Amino acid sequence: MLVPRVWSSVRQGLSRGLSRNVGGWASGEGRKVDIAGIYPPVTTPFTATAEVDYGKLEENLHKLGTFPFKGFVVQGSNGEFPFLTSSERLEMVSRVRQAVPKEKLLIAGSGCECEAIMSRTLEMAEATQATVEMTASMAQVGADAVMVVTPCYYRGRMSSAALIHHYTKVADLSPIPVVLYSVPANTGLDLPVDAVVTLSQHPNIVGIKDSAGDVTRIGLIVHKTRKQDFQVLAGSAGFLLASYALGAVGGVCALANVLGAQVCQLEQLCLTGQWEDAQKLQHRLIEPNTAVTRRFGIPGLKKTMDWLGYYGGPCRAPLQELSPAEEEALRMDFTNNGWL
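Quick summary incoming for the structure in this document. Not measured: the values here are computed from a predicted model.

1. Description of the overall build of the protein chain
Then comes step 1: Counting its regular elements, the protein chain contains 14 helices and 10 strands.
Then comes step 2: In the protein chain, which comprises 340 residues, the proportion classed as buried is 56%.
Then comes step 3: Across the protein chain, every contact between residues at least 6 apart in sequence was considered, and the portion connecting residues at least 24 apart equals 74%.
Then comes step 4: Here the protein chain displays about 14,200 Å² of accessible surface, and carbon together with sulfur accounts for 53% of that area.

2. Here's the deal with the packing of helix H11 (residues 260-271) against helix H12 (residues 275-295)
Then comes step 1: Here H11 crosses H12 at 150°, and the two axes come no closer than 8 Å. Taken together, H11 and H12 sit at an angle that is classed as roughly antiparallel. Between H11 and H12 lies a crossing whose hand is left-handed. For the pair H11 and H12, contact is made by Gln262, Gln265, Leu266, Leu269 and Cys270 and by Trp275, Asp277, Ala278, Leu281, Gln282 and Leu285, respectively.
Then comes step 2: For the contact of H11 with H12, the residue count by class is 7 nonpolar, 3 polar and 1 charged.

3. Quick look at helix H6 (residues 160-173)
Then comes step 1: Along its 14 residues, H6 runs 20 Å from first to last C-alpha, staying within 8% of the 20 Å computed at 1.5 Å per residue.
Then comes step 2: Within H6, burial applies to Ser160, Leu163, His166, Tyr167, Val170, Ala171 and Leu173.
Then comes step 3: Buried residues in H6 make contact with helix H5 (127-140), strand S6 (145-149), strand S7 (178-182), helix H8 (193-199) and strand S8 (205-210).

4. A short note on empty space enclosed by the protein
Then comes step 1: Under the criterion given, the structure shown has 1 cavity of 30 Å³ or more.
Then comes step 2: Estimates place the volume of the largest cavity at around 40 Å³.
Then comes step 3: Every residue lining the largest cavity is listed: Gln75, Phe81, Arg89, Gly109, Ser110, Gly111, Met147, Val148, Val149 and Tyr181.
Then comes step 4: When the residues that make up the lining of the largest cavity are grouped by side-chain class, the tally is 5 nonpolar, 4 polar and 1 charged.

5. Focus on the sheet that holds strand S2 (residues 71-74)
Then comes step 1: In space, the 8 strands of this open sheet follow the order S1-S10-S9-S8-S7-S6-S3-S2, with parallel pairing throughout. With partners counted over all chains shown, the strands left at the sheet margins are strand S1 (37-39) and S2, one partner each. Neighbour-to-neighbour, the strand axes of this sheet turn through a mean angle of 25°, independent of strand direction.
Then comes step 2: Sheet topology places strand S3 (residues 105-109) next to S6; 3 bridges connect them, and they run parallel. Looking at S6, one finds that Gly109 is bridged to Met147.
Then comes step 3: On the sheet, helix H4 (residues 86-99) packs against S2 and S3 and is oriented at approximately 175° with respect to S3.

6. A few points about helix H14 (residues 324-335)
Then comes step 1: Compared with an ideal rise of 1.5 Å per residue, which puts 12 residues at 16 Å, H14 spans 16 Å between its outermost C-alpha atoms and is within 8% of the ideal.
Then comes step 2: Along H14, the positions that sit buried rather than exposed are Leu330, Asp333 and Phe334. Seen along its axis, H14 keeps its buried residues to an arc of 95°; they face one direction. Away from its buried face by more than 90 degrees, H14 exposes Pro324 and Ala325.
Then comes step 3: Looking at the buried positions of H14, the neighbouring elements they touch are H12 and helix H13 (297-307).

7. Remarks on the packing of H12 against H14
When two helices pack together, their arrangement is given by the angle between their axes and by how far apart the axes lie.
Then comes step 1: Here H12 crosses H14 at 150°, and the two axes come no closer than 7 Å. What the angle tells us is that H12 and H14 run roughly antiparallel. Each of Glu287, Pro288, Ala291, Val292 and Arg295 in H12 lies in contact with H14, whose residues at this interface are Ala329, Leu330, Asp333 and Phe334.
Then comes step 2: Class assignment for the residues of the contact of H12 with H14 results in 6 nonpolar, no polar and 3 charged.

8. Looking at the packing of aromatic side chains
What characterises a pair of aromatic rings is the spacing of the ring centres plus the angle enclosed by the ring planes.
Then comes step 1: The tally for this structure, following the rule as stated, stands at 3 aromatic pairs.
Then comes step 2: Considering the side-chain rings of Phe69 and Phe72, the 6.1 Å spacing of their centres and the 70° angle between planes classify their relative orientation as edge-to-face. Just as Phe69 is buried, Phe72 falls in that class too.
Then comes step 3: Geometrically, the ring pair formed by Tyr153 and Tyr154 is edge-to-face, given 4.9 Å between the ring centres and 85° between the ring planes. Like Tyr153, the residue Tyr154 is exposed in the burial classification.
Then comes step 4: A network of ring pairs unites the aromatic residues Phe67, Phe69 and Phe72 as a single cluster.
Then comes step 5: Over the aromatic face of Tyr54 sits the side chain of Arg95, whose NZ or CZ is 4.4 Å from the ring centroid.
Then comes step 6: The ring centre of Trp339 lies 3.9 Å from the NZ or CZ of Arg284, which sits over that ring.

9. Re the layout of surface pockets
Then comes step 1: Roughly 940 Å³ of volume is contained in the largest pocket.
Then comes step 2: In terms of lining residues, the largest pocket is bounded by 40 residues, among which Ser77, Tyr181, Val183, Ala185 and Asn186 are the most central.
Then comes step 3: For the lining of the largest pocket, the secondary-structure elements that each account for two or more residues are helix H7 (184-187), H12 and H13.
Then comes step 4: By residue class, the composition of the lining of the largest pocket is 19 nonpolar, 15 polar and 6 charged.

Reading guide: rules and limits
- For every chain, the first residue of the written sequence is number 1, and numbering continues from 1 along that sequence.
- The predicted origin of the model limits local features to residues at a pLDDT of at least 70 and limits the giving and counting of side-chain atom pairs to 80 or more, whereas totals for whole chains, interfaces and linings rest on all residues.
- Water and hydrogen atoms were dropped before computing side-chain values, which therefore reflect all heavy atoms in the structure.
- Secondary structure elements are defined from DSSP: runs of H or I of at least 4 residues count as helices, runs of E of at least 2 residues count as strands, and each element is numbered from the N terminus.
- Partly exposed residues are those whose accessible area sits between 20% and 50% of the maximum for their type, while under 20% is buried and over 50% is exposed, using a 1.4 Å probe and protein chains only.
- For this analysis, residues touch if any pair of their heavy atoms sits within 4.5 Å.
- Per-residue and other accessible areas were derived by the Shrake-Rupley procedure at a 1.4 Å probe size, with only the shown protein chains allowed to occlude residues.
- Every axis in this analysis is a line fitted to C-alpha atoms, fitted for helices over the stretch in contact. Angles between the N-to-C directions lie between 0 and 180 degrees.
- Note that the term roughly parallel is reserved for angles under 35 degrees, roughly antiparallel for angles over 145, roughly perpendicular for angles of 65 to 115, and oblique for everything else.
- Left-handed describes a crossing whose near helix is turned anticlockwise from the far helix by less than a right angle; the clockwise case is right-handed.
- Each residue is assigned to one class: nonpolar for Ala, Val, Leu, Ile, Met, Phe, Trp, Tyr, Cys and Pro, charged for Asp, Glu, Lys and Arg, and polar for all the others, Gly among them.
- Here, expected helix span is obtained from the residue count minus one, scaled by 1.5 Å.
- Buriedness of a pocket was judged along seven lines, with at least five required to meet protein on both sides within 12 Å; pockets are open sets of points on a 1 Å grid over the protein atoms alone, cavities are sets where a 1.4 Å probe fits but cannot get out, and lining residues have an atom within 4 Å of a point.
- Grid points are joined across faces, edges and corners, and a volume is the space filled by probe spheres set on the points.
- Strand pairing requires that DSSP identify at least two bridges connecting the strands.
- Taking the helix axis as origin, the arc is that swept by the directions to the C-beta atoms.
- Each Phe, Tyr or Trp ring (for Trp, its six-membered ring) is paired with any other whose centre lies within 6.5 Å, and the angle between the two planes then decides the class: stacked below 30 degrees, edge-to-face above 60, tilted in between.
- Placement of a positive charge over a ring is assigned whenever Lys NZ or Arg CZ falls within 6 Å of the ring centre and within 35 degrees of the normal to the ring plane.

Structural measurements only, silent on function.
Put into structure tokens, the structure is as follows:
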């Protein structure tokens with residue numbers, strides 16, 4: 001495993017000050033990285049004994065590689081990152097980087113909630129420092145950018161000021177660009193719009209993935225950051241058309257793991273102004289999207305992957321497989337819209 005060596009070198013790098021290595025990102029030389037496009041948030045395949053199955057990961061990536069995605073998101077919510085060790089998270093990113101073409105943007109989830117940092121000695125790290133170190137490690141194993149979820153365990157104290165401090169510290173020390181990540185369904189915490197606006201001015205923060213599902217919020221973020229080099233990604237295929245209409249530039253969509261061609265088609269219809277056709281397609285994606293996100297979550301997504309020629313497999317406990325009734329309801333959401 002590569003992790004002990006990586007964490008050791010990362011700690012040494014951080015002690016020397018990684019902010020000196022941000023270079024063009026922090027100094028404002030040229031345009032920030034362009035994150036516009038569609039990304040599937042890659043799932044983590046497990047064996048029957050709950051070990052990460054890297055062979056199945058490569059098989060899935062080979063099949064997903066046939067679609068015109070901008071890149072891949074690894075270790076986001078659909079990657080079950082809270083249930084993985086630090087070493088598994090880094091190995092996942094490393095394996096994806098090796099498996100996909102270099103021109104595909106690889107965005108790695110590096111957010112941490114007070115987790116044990118793998119180094120010469122195990123210690124409990126404060127969340128910001130843990131995220132700083134995980135971010136540096138993700139860069140070392142091949143990530144082009146990182147996506148940082150809001151710290152939320154002490155959500156009652158996560159004011160705009162606290163969140164701005166957190167993200168600024170991470171971005172200051174990150175050797176690669178940072179994408180903000182707001183997913184209140186999982187964290188119980190929205191990244192406030194005023195905080196997003198302030199953070200959009202940071203030269204190493206390039207955009208946000210917003211999964212709240214509030215298109216008025218997405219429109220407001222686009223409007224208020226319009227003078228910055230800052231891009232907005234929709235966090236779900238269910239409101240992708242509306243997000244494009246309001247100025248978003250793409251999406252990180254769980255549904256793209258199973259209906260990749262259709263999500264990319266919706267992107268192209270929006271970009272070329274074919275709004276009537278886009279609307280028809282969007283309507284047929286809403287129920288399936290809800291099924292593999294809010295309704296049945298990752299177990300639903302993985303079950304659908306099994307049906308559509310990918311390896312979904314089991315989730316890691318405590319997530320449980322669907323009941324027979326849930327599985328039938330999931331199947332109907334796809335069948336009724338013509339996808340099964």
